[in-house]
Amino acid sequence: MCGIMGYVGSRSAPRVLLDGLKRLEYRGYDSSGIALVLDRKLEIRKSEGRLENVEKLVQDDPKKLQKSTCGIGHTRWATHGKPTTQNAHPHQTGHVVLVHNGIIENYSEIKNDLMTRGHLPKSETDSELFGFLVLEAMEEGRDLVHAVRESFVKIRGQCSIVVMSEKEPGLVVGVRNGSPLVVALDPEGGTLFASDSQPLLPFTQDVIFLEHGDVAVATAQGLKILDLDTGNPVQREATHLEWSLEQIDKSGFPHYMLKEIHEQPGALIDTLNGLVDRNGPEPFTLAAQPGVDILKDAKELVLLACGTSWHAALLGKYWLESWAKIPVSVDLASEFRYRNPVIRPGTVVIGISQSGETADTLAVLRELRVKKIPCLGISNVRRSSISRDADAVFYTSAGPEIGVAATKTFVSQLLTLLLFAGYLARERKTRSTSELNRLFEDVVKLPHVIAEGLEPDSEMVRRIDATVNALTPKSTPMSGVRGFFFMGRGHSFPIALEGALKLKEIAYDHAEGYAAGELKHGPIAMLDSEMVVVVLAPKDSWREKTGSNLEEVKARGAKVIGVGDADDHQLSRLCDYWIPLPRESQKIDPDLLPFVLSPVVQLLSYRRAVLKGTDVDKPRNLAKSVTVE
Ligand code: F6R
C-alpha cells in the first residue's frame, strides 16, 4: 500500500520525487521521506505526518539538495511499527538505502539472524532488515545488483524494493515481486520508478509494468531489466497509457472525490463503450474478449471482493439472479479464503477490485486458479496484478480515481455486473429480446439521469446541502447527532451499506447500513432523537415495505432523511429531510435506480466531511490500494 518513487537522470531529483510522491499519497500518507545522492554521499530527509513536512525539510536545507539528480522516495501506510519518523522510509543501513512496499513475511526469522550476527535495526519495520542483507552481501564483495538479487531470495512475501548505495552512486536498483512497480524512460534522459503509472504521466505516457521477479537496473545513461533468479536480461514492452495528465488533476474541483462523483456519467459511458459491442445485432452484446466465453459457460457464479467492491458484488447478485436466473453467491475475499468453501463444477469465480491490487482478492484468485477453477476479474486498472491472477479481466473505464473513497469506480463496477446480467439473460433466454432491448435503452439513458441529478442547482443537490447543513452546525459540527443508519430493501440495501461506509470513511461518523426489514431485529433499540436514519426508498417493488419501516423509525423519534421519487409526497411528508431523485429517473426501469441513489449517498458523506473539516481525499488510516492482508 505504500508509494515508491525513484529517479536517476539530469533533472532535480528532489523535485521529481516529491511531485511523484504527491500523486502517490493515496497509497499511504502517515509518513514519508526521500534519499538523495549528493556529491557521492546519501542525504535522507524524512518525517512522520504529511509529505509537506518533508518538502519543508528539503526547502529549508542549506545543502542545496536540489542539485541532486538521483534519489528514491516513499510515502508510507504503516504495517510494522507506528507511523513515526524513525519508521519512515527510506531506511539507511551503512552505505545502503532503500524504500519498500509490501510485507516481509519471514521478518522475525531474519531479524533474529541479523541480531545474532551483531546487527541492530533502528526502526520497528520489516523493511529496514533488507538493507542489512544487502550490506552484508556487498561487504562480501558483491556489487549492488548482485547483492540485491541475493538478498531478495532470502525474503518471503509480496513486495517491491528500490535500493541505492553510496558505493555505486548514480545507480538505482528496483525489484518487483508482487506489489506493483512501474518504470519509464524519461524523454530527457534517465529513468523513473513508481508504484503506479500516475506519477510518470507528467514525463511520458509510455511505461513498463515490471513483472514479478524483474530487477530494473537504472543509471542516467539507461535502463536494463534482469531476471531475479538468473540475472539474465529480459525484454519488456512499454505500454502506451490512455490516461492523460489532465485526468489526474482536480480540474477546478476542491477535492478529487467531488470531481470523481461528477465524472460518473462519463465513467459509465466509457465503461459501456468499452465492454459492449454497440453494433452487435442484439442488446447486451459483450465486445469480444477472452473472458466472454468463460462467462457464457458459467452454471453458477461466486463474486469475491472487499469494501466498496463487495457492495457492488452484492448488487450484482440481484441483477444476475433475477435477470439471468443464475445462482450467485457473494463473499468477502478475506473470509472466503479461509473457510474451505464448496465450489461446484461449472462455477466461475469473479474477483472485483477497482485497483486490481487488493491482496485478499488476488490471493483467493491465485489459489482457485491452481485448483483449475475458472476465474475472471473486474478492475479499473489495466495491467494491474489481477491481470496475472485471473484467467481474464473485464476493465471498467472510469479513468484514474485518486480520492481514497471509491465513487466512479463503484458505479462502473455496477454497470459491468449489470451488463453481465443482461448478457447472460440473453444467452440463457431468461428474458425476452424485447425486454432486454428496453432495459438496454434505459442503461444508455443512465449517464444523463445521473448528470441531471448532479447539476449544481438541481433539487437533489440543493436538498442534500440543506440537509447536511442542518445536521452539521458550523460552530458545533458534532452536536446533536450520535450516529447514522442507512436502510433500504432489495437493490437499495447494498447502497445503504455503501452509504454507511462512505460516511465512516471520510466523515468519521458512526454509521451502519441495514436491510430495512432487519432493523426491528435488534438495531432499532439504538434509535432516539440523536440518531439519523437515511431511508432509501425509490419507487421500486420494495417501496411500500420500506415505507412501513420508515414509520417504525419515526415512531422511535429518530431524525429521518428520506430519499425517493420526486413525486412521492406520501413518503416526503413523513421525513424530517427529503432528497428527491432526479425526475428523469422516473422514466427508467426501477432495477437501475441504484445508479441514481449512489451519488446521493456519496454527496451526503462528502458534504458532511467538508463541513466537519476532515481530509476528504486522504481520510485518516486508509489507503486506496490495500496490498496487505
Ligand atoms: C471504499 C473503498 C474500499 C475499497 C476496498 C477494495 O471507498 O475504496 O473499501 O473498495 O479497499 O478495493 P479494491 O476495489 O481496489 O479491491
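Every value quoted in this text rests on a predicted model; they were computed, and no experiment measured them.

Draft legend 1. Spotlight on the site of the ligand. Taken together, 15 residues form the shell around the ligand, and within it S309, S353, S355, T358 and E505 come nearest. Contacts to the ligand include S353, whose side-chain N or O atom sits 2.7 Å from an oxygen atom. Note that an oxygen atom of the ligand is positioned 2.8 Å from one of the side-chain N or O atoms of E505. Within the complex, 92% of the 400 Å² of free accessible area of the ligand lies under protein. Of all the elements in the fold, those that place two or more residues in the shell around the ligand are helix 9 (307-324) and helix 16 (492-507).

Draft legend 2. Structural detail: the environment of I208. Examined against the element boundaries, I208 turns out to sit in strand 11 (residues 206-209). You can call I208 buried: its relative accessible area is 11%. Distance from I208 to F193, taken between C-alpha atoms, is 9.6 Å for residues 15 residues apart in sequence. Setting aside residues no more than four positions away along its own chain, I208 makes contact with L181, V182, V183, L223, I225, R236, E237 and A238.

Draft legend 3. View of the environment of R76. Mapped onto the secondary structure, R76 falls in strand 4 (residues 70-76). On the basis of relative accessible area, R76 is assigned to the buried category, the value being 3%. The sequence separation of R76 and G3 amounts to 73 residues, and the corresponding C-alpha distance is 6.6 Å.

Draft legend 4. Just the pattern of salt bridges, in detail. Applying the stated rule across the entire model yields 47 salt bridges. For R117, the salt bridge goes to E136, with nearest N and O atoms at 2.7 Å. Residue R117 is located in the loop between helix 3 (107-116) and helix 4 (127-139), and its partner E136 is located in helix 4; the two are separated by 19 residues in the primary sequence. We classify R117 as partly exposed; its relative accessible area is 44%. Of the residues examined, E136 reaches a relative accessible area of 15% and is grouped as buried. Of the charged contacts, one joins K317 and E321 as a salt bridge, the two residues approaching to 3.2 Å between their closest N and O atoms. Of this pair, K317 and E321 are both found in helix 9, 4 residues apart, which corresponds to roughly one turn of the helix. Given a relative accessible area of 27%, K317 falls into the partly exposed group.

Draft legend 5. How the structure looks around the side chain of T93. Among the secondary structure elements, T93 is positioned in strand 5 (residues 91-93). By relative accessible area, which is 3% here, T93 ends up buried.

Draft legend 6. Region of interest: helix 17 (residues 543-555). Taking 1.5 Å of rise per residue, 13 residues should cover 18 Å, and helix 17 covers 19 Å from first to last C-alpha, within 8% of that figure. Every buried residue of helix 17 is accounted for by R543, T546, G547, N549, L550 and V553. Each buried residue of helix 17 lies within a common arc of 165 degrees when the element is viewed along its axis, so the set occupies one face. Helix 17 presents E544, K545 and A555 as exposed residues on the side facing more than 90 degrees away from its buried surface. Where helix 17 is buried, its residues touch strand 20 (483-488), strand 22 (531-537), strand 23 (559-564) and helix 18 (569-574). Two residues or fewer after helix 17 comes G557, characterised by a positive phi angle close to 85 degrees.

Draft legend 7. How the structure looks around the domain arrangement of the protein. Domain parsing of the protein yields domain 1 (3-248), domain 2 (259-448) and domain 3 (458-612). Relative placement of domain 1 and domain 2: their C-alpha centres are 34 Å apart. Together, the buried faces of domain 1 and domain 2 total about 1,300 Å²; carbon and sulfur atoms form 51% of this surface. When residues of domain 1 are sorted by the area they lose upon contact with domain 2, F209, W243 and Q247 head the list and together hold 34% of the total. At the junction of domain 1 with domain 2, the criterion picks out 2 salt bridges. Residue E211 pairs with R383 through a salt bridge whose shortest N-O separation is 3.5 Å.

Draft legend 8. Unusual backbone geometry, seen in detail. A cis geometry characterises the amide bond from H89 onward to P90, with omega recorded as -5 degrees. Looking at the element boundaries, P90 is found in the loop between strand 4 and strand 5. Even without being a glycine, N340 presents a positive backbone phi close to 45 degrees. Tracing the chain through its elements places N340 in the loop between helix 10 (333-336) and strand 17 (347-352). Its relative accessible area of 70% is what places N340 among the exposed residues. Despite not being glycine, K429 has its phi angle at roughly 55 degrees, a positive value. Among the secondary structure elements, K429 is positioned in the loop between helix 13 (408-427) and helix 14 (433-454).

Draft legend 9. Expanded view of the packing of helix 16 against helix 19 (residues 593-612). Relative to each other, helix 16 and helix 19 sit at 20 degrees, their axes nearing to 9 Å. On the basis of the axis angle, helix 16 is roughly parallel to helix 19. Helix-helix and strand crossings are classified by hand; for helix 16 and helix 19 the assignment is right-handed. Judged by residue contacts, S492, I495, G499, K502, L503, I506 and A507 of helix 16 engage P594, L597, S598, V601, S605, Y606, R608, A609 and K612 from helix 19. Split by residue class, the contact of helix 16 with helix 19 holds 9 nonpolar, 4 polar and 3 charged.

Draft legend 10. Structural context of the sheet that holds strand 22. Read across the sheet, 5 strands follow the order 21-20-22-23-24 without closing on themselves; strand pairing throughout is parallel. Every other strand in the sheet has two partners, leaving strand 21 (511-515) and strand 24 (577-580) as the edge strands with one partner each. With direction set aside, neighbouring strand axes in the sheet form an average angle of 20 degrees. Examined bridge by bridge, strand 20 and strand 22 share 6 bridges and lie parallel to one another. From the neighbouring strand, F484 faces strand 22, where its bridge partner is V532. Against the sheet, helix 17 contacts strand 20, strand 22 and strand 23, and its axis sits at roughly 170 degrees relative to strand 22.

Parameters at a glance
Residues numbered from 1 in each chain as written. Predicted model: local features only at pLDDT ≥ 70, side-chain atom pairs only at ≥ 80, totals over all residues. Heavy atoms only, no water. Near = heavy atom within 4 Å. Polar contact = N/O pair within 3.5 Å; in protein donor to acceptor, adjacent residues only side chain to side chain. Areas by Shrake-Rupley, 256 points an atom, 1.4 Å probe, with all protein chains shown as cover. Helix = DSSP H or I, 4+ residues; strand = E, 2+ residues; numbered from the N terminus. Buried < 20%, exposed > 50% of the residue type's maximum accessible area, 1.4 Å probe, protein only. Contact = heavy atoms within 4.5 Å. Salt bridge = Lys/Arg side-chain N within 4 Å of Asp/Glu carboxyl O. Expected span 1.5 Å × (residues − 1). Arc of directions from axis to C-beta. Domains from an automatic or database assignment. Buried area = accessible area lost by both parts, 1.4 Å probe. Axes fitted to C-alpha atoms, helices over the stretch in contact; angles between N-to-C directions. Parallel < 35°, antiparallel > 145°, perpendicular 65-115°, else oblique. Left-handed = near helix turned anticlockwise from the far one by under 90°. Nonpolar A, V, L, I, M, F, W, Y, C, P; charged D, E, K, R; others polar. Pairing = 2+ DSSP bridges.

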